[in-house]
Amino acid sequence: VDQDAAPCADGSTVGAATAAAEQQGAAGASGFAFALAERLLDRCRTGMVACDAGGVVRMANQAGMRLLPGLEIGEVVPQPLALAQTDEIDLVVAERRLTARREAFADGWAAWQVDDVTEHQARLDSLLAERARARFLADAGARLGLSLHPHPTARAVVELASGSLAEVAVVVLPGKGGAVEWFRCGRDSVAADGRTNIHSLPGPVAQAMLGVVGETQPVAAEQLIRLAGGDGASYGARPMVLPLPGNGSPAGALVLLQGPHPASATAGLEVDDRLLGAFAQRAGLALATAGVYAQQARTADMLRRSLLQPVLPSVAGMRFGAYYRPAEEELLIGGDFYDVHAGADVSDRTTFLLGDVCGKGIDAAVSTGKVRQSVQALRRLEPDPARLLELLNDTMLESADGEDELRFVTIVLGTATPRPDGGLHLQVAGGGHLPALILRRGGRVDCVEIGGTVIGALPGAPVRRRTVELAPGESCVLYTDGVTEARGGPDGRRTFGEERLAALLAGCDTMPAAAVADRIGKHTGRWLTAGNHDDIAVLVVQAPGTAAPAEQHGAAHRHLHSVYPSIPDEEVIA
Amino acid sequence: VTAVPATDGGQGPDHHDTGPSRELPEMLRVEPITDGLALSGELTYVTADQLAQQLLDRITAAHPSVVLDASDLTFCDSAGLSVLVRAYRQAHGHGGEVRLRGASRGLRRTLELTGLHVLFGSTQGRREVGDGRGETA
């Protein structure tokens, strides 16, 4: 069997032998060889045609006769071969794809080998088509995965589709209560989008939106003119509507319109139902995922915003300033918190608090929300800050989620009442928090340890109470350990410390409350070496009224008076 | 203290501390000793869970008390305190106690500020070494 092919392997030699044999009149002993060569040639799958110098066919095997209908011995070779400019040509004869190779001989004769490459070419074409399809779908997958929001995803869908699948592509996304959003892109036109109602959509599109899954449905072009935003005349046949399958419910519908030249812009990409189906599936999945993500992001953002630090109220007779920098800065929330609740009227006390829930990030932030809400409710029932902290302690212990979730808080909570002279009367209760700093007139800084025990860890934990009197212009500064434990400085490891903080505030007695808070924030930020830091919060309570010009401003620039908690439970500091 | 030091804080051209020493502070070593655990390094939000597991597993009805040797503990934040309080509550529930040995000045100060020092029968015997916490008034 193999011998069938063997002579063809070097067909030109055989062909030349045949021509030579014929020239010699096929006489004598060579007659046997000639007959053998002819039989071998006839079994060969490659068509063999020999022409003389005049282009007249002198010999052809059976394959040659079959592949080139109209070939006659003694006639001029058929046109495509006769007119060939090169020694190798591709031709289509009777729906078969052929390649023909010419071998020229010195005497002007020529031999053609003709092969039927229809199947080979078909396999090659389908391989290229498959490759183009795979590339397109991979590109689509990569691009569709880029965004986690439905709008950019829908834009990516129409851009991809109008680039490769159609002249114009429109995606329609379902909204609430029959509202729909559409996104359109044409191969040569600018992308557009808008909103409409599901009832104004062409029937098949509305059906696809409702999840009526049909085949890819041809739609009358004029129905889609408005949606496609062009004059319908410019679009060719077969507008299509594809449902985009979502996660349970449909993610939307894709409308494709072909232009007058329906060929794909992407080389080798054959647009068929299989490709459209695969694209629709990917687009639907991406849109559904983006939809779910966007909804979760919206929910998370709403919850997060409920935990943001409050806008400080403006309260007659007192000023507030605050600074906040969470450890996880992109979240804008953390375990530190402050709050100010204005009194009902001028004579009423105003409640202020600053604290630090142990831990960081979301978990801690959620706890700050609970603490702040508890305080807001409890302050209406309990005017005394120390009693309020005791109630808060009980509340937190009761609502603790379990042994694994020990979230205590260090807190300073106070009430401020304006004095007739413009100063402030503060009652401050301590729940194991850092000392407060008091900016006195003249630039002196007092350190007031309030004491007490952390809130939310132990039943019946002792709470301490202090009274602080602020003269007009004086401030009480509360801060969290994010300030004092901030690491940096010359060696990058030194903590900012209470002493440095006090020194920073010395002489700042004429600054407004907001500027004092800002100063601490700025300097802590500068002190911090790159890297992790804890949540940072500062709250400044200030008695308004310009502080009297400091008599000994220069001399009193750096006094730090510390009052340590060895003193009785209640004490007035003025 | 002669100047407000924050003005040069961390911005100096010659700070050479962004190297490996910045990575080390997050480390905590917990080693068993006869009657409890010895801690060295930093007890923080990052390392607290590591200690919680070992410490809480150790406090049982049969062995309700534990000693924590904090001689080499250089830093403890609120998450660290939270572990100590959980240990206290667990020990207390079994009628035992958590004793803290060799707490640094910084840790003692933190415990006093938070009012938690009363929970841990501190045993003395801290060798006072600089703990790098920058209390350089």
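Residues numbered from 1 in each chain as written. Chains lettered and ligands numbered in written order. Predicted model: local features only at pLDDT ≥ 70, side-chain atom pairs only at ≥ 80, totals over all residues. Heavy atoms only, no water.

**Re the overall build of chain A**
Alright, step 1. Counting secondary structure elements, chain A contains 15 helices and 25 strands.
Alright, step 2. Split into buried and exposed, the 574 residues of chain A put 51% on the buried side.
Alright, step 3. Of the contacts made within chain A by residues no fewer than 6 positions apart, 62% connect residues no fewer than 24 positions apart.
Alright, step 4. Total accessible area computed for chain A in this model is approximately 26,300 Å², and 54% of it derives from carbon and sulfur atoms. (Helix = DSSP H or I, 4+ residues; strand = E, 2+ residues; numbered from the N terminus. Buried < 20%, exposed > 50% of the residue type's maximum accessible area, 1.4 Å probe, protein only. Contact = heavy atoms within 4.5 Å. Areas by Shrake-Rupley, 256 points an atom, 1.4 Å probe, with all protein chains shown as cover.)

**Section: the overall build of chain B**
Alright, step 1. For chain B, the count of helices and strands is three helices and four strands.
Alright, step 2. Ordering the α and β elements of chain B from the N terminus gives β-β-α-β-α-β-α.
Alright, step 3. Per-residue burial over chain B gives 48% buried out of 137 residues.
Alright, step 4. Element-wise, carbon and sulfur atoms account for 51% of the exposed surface of chain B, whose accessible area totals about 6,800 Å².

**A few points about the side chain of Ser367 of chain A**
Alright, step 1. Note on placement: Ser367 of chain A falls in helix α11 (residues 361-381).
Alright, step 2. When near neighbours in sequence (up to four residues on either side) are disregarded, Ser367 of chain A contacts Val357 and Arg407 of chain A.

**Examining helix α14 (residues 497-505) of chain A**
Residues and elements named next belong to chain A.
Alright, step 1. Among the nine residues in α14, seven count as buried, and that is most of the element.
Alright, step 2. When we look at burial in α14, the residues that qualify are Gly497, Arg500, Leu501, Ala502, Ala503, Leu504 and Leu505.
Alright, step 3. Positive backbone phi, approximately 80 degrees, marks Gly507, located one or two places after α14.

**Thoughts on the pairing of strand β14 (residues 350-357) of chain A**
Alright, step 1. Among the eight residues in β14 of chain A, eight count as buried, and that is most of the element.
Alright, step 2. In β14 of chain A, alternate side chains face the same way, and those of Thr350, Phe352, Leu354 and Asp356 of chain A on one face and Thr351, Leu353, Gly355 and Val357 of chain A on the other are all buried.

**A look at the packing of aromatic side chains**
Alright, step 1. Tallied over the entire structure, the rule returns four aromatic pairs over all chains.
Alright, step 2. Taking the centre distance of 6.3 Å and the plane angle of 70 degrees together, the rings of Tyr324 of chain A and Tyr338 of chain A count as edge-to-face. Here the residue Tyr324 of chain A occupies a position in strand β12 (residues 319-325), and Tyr338 of chain A occupies one in strand β13 (residues 336-341), the gap between them amounting to 14 residues.
Alright, step 3. Judged by relative accessible area, which is 18%, Tyr324 of chain A ranks as buried.
Alright, step 4. Considering the side-chain rings of Tyr88 of chain B and Phe120 of chain B, the 6.4 Å spacing of their centres and the 80 degrees angle between planes classify their relative orientation as edge-to-face. Highlighted residues: Tyr88 of chain B in helix α2 (residues 78-93) and Phe120 of chain B in the segment after α3 (105-113), separated in sequence by 32 residues.
Alright, step 5. Here Arg487 of chain A stacks its cationic end above the ring of Phe75 of chain B, 4.5 Å away from the centre of that ring. (Phe/Tyr/Trp six-rings, centres within 6.5 Å; stacked < 30°, edge-to-face > 60°. Lys NZ or Arg CZ within 6 Å of the ring centre and 35° of its normal.)

**A word on the packing of helix α6 (residues 118-144) of chain A against helix α7 (residues 150-164) of chain A**
Residue and element names in this part refer to chain A.
Alright, step 1. Packing of α6 against α7 leaves a shortest axis separation of 9 Å and a crossing angle of 160 degrees. Here α6 is positioned roughly antiparallel relative to α7, judged by the angle of their axes. Where α6 crosses over α7, the handedness of that crossing is right-handed. Counting all contacts with α6, which are made through Phe136, Ala140, Arg143 and Leu144, the residues of α7 involved are Thr153, Ala156, Val157, Glu159, Leu160 and Ser164. (Axes fitted to C-alpha atoms, helices over the stretch in contact; angles between N-to-C directions. Parallel < 35°, antiparallel > 145°, perpendicular 65-115°, else oblique. Left-handed = near helix turned anticlockwise from the far one by under 90°.)

**Examining the pairing of strand β2 (residues 57-60) of chain A**
Alright, step 1. In terms of strand pairing, strand β1 (residues 47-51) of chain A meets β2 of chain A through three bridges, oriented antiparallel. In the strand pairing of β2 of chain A, Val49 of chain A is matched with Ala60 of chain A. (Pairing = 2+ DSSP bridges.)

**Examining helix α15 (residues 513-527) of chain A**
Alright, step 1. With 15 residues, α15 of chain A ought to run about 21 Å at 1.5 Å a step, and its terminal C-alpha atoms sit 21 Å apart, in line with that.
Alright, step 2. Within α15 of chain A, the full set of buried residues consists of Ala513, Val516, Ala517, Ile520, Gly521, His523, Thr524 and Trp527 of chain A. (Expected span 1.5 Å × (residues − 1).)

**Observations regarding the sheet that holds β2 of chain A**
Residues and elements named next belong to chain A.
Alright, step 1. The strand order across the open sheet formed by five strands is β2-β1-β5-β4-β3, and the pairing between neighbours is antiparallel. The outermost strands of the open sheet, each flanked by one partner alone, are β2 and β3 (88-93). For this sheet, the mean angle separating the axes of adjacent strands, direction not counted, is 25 degrees.
Alright, step 2. In this sheet, strand β4 (residues 96-104) lies alongside β3 in antiparallel orientation, the contact comprising six bridges. What sits directly across from Asp90, in β4, is Thr99.
Alright, step 3. Sheet strands touched by α6: β4 and β5 (110-116). Its angle to β4, the strand with the most contacts, is close to 115 degrees.

**Digging into the confidence of the model for chain B**
Residues and elements named next belong to chain B.
Alright, step 1. In this model, chain B carries a mean pLDDT of 75, and residues with pLDDT of at least 70 account for 69%.
Alright, step 2. In the predicted structure, residues 1-24 sits below a pLDDT of 50 and forms 33 contacts with residues beyond four places in sequence or in another chain.
Alright, step 3. The low-confidence segment residues 124-137 (pLDDT under 50) makes 32 contacts with residues lying over four places distant or belonging to another chain.
Alright, step 4. Two summary scores accompany this predicted model of the complex, namely pTM at 0.66 and ipTM at 0.71. (pLDDT = per-residue confidence, 0-100.)

**Regarding the sheet that holds strand β2 (residues 36-43) of chain B**
Residue and element names in this part refer to chain B.
Alright, step 1. Spatially, β1-β2-β3-β4 is the arrangement adopted by the four strands of the open sheet, whose pairing is mixed. Taken across any chain shown, the strands that pair with only one partner, and hence form the sheet edges, are β1 (28-33) and β4 (98-101). Each neighbouring strand pair of the sheet contributes to a mean axis angle of 25 degrees, computed without reference to strand direction.
Alright, step 2. Looking at chain direction, strand β3 (residues 66-76) and β4 are connected through four bridges and run parallel. Considered in β4, the bridge of Asp69 is made with Arg101.
Alright, step 3. The sheet strands contacting helix α1 (residues 48-58) are β1, β2 and β3, and the helix crosses β2 at an angle near 170 degrees.
Alright, step 4. Against the sheet, α3 contacts β3 and β4, and its axis sits at roughly 105 degrees relative to β3.

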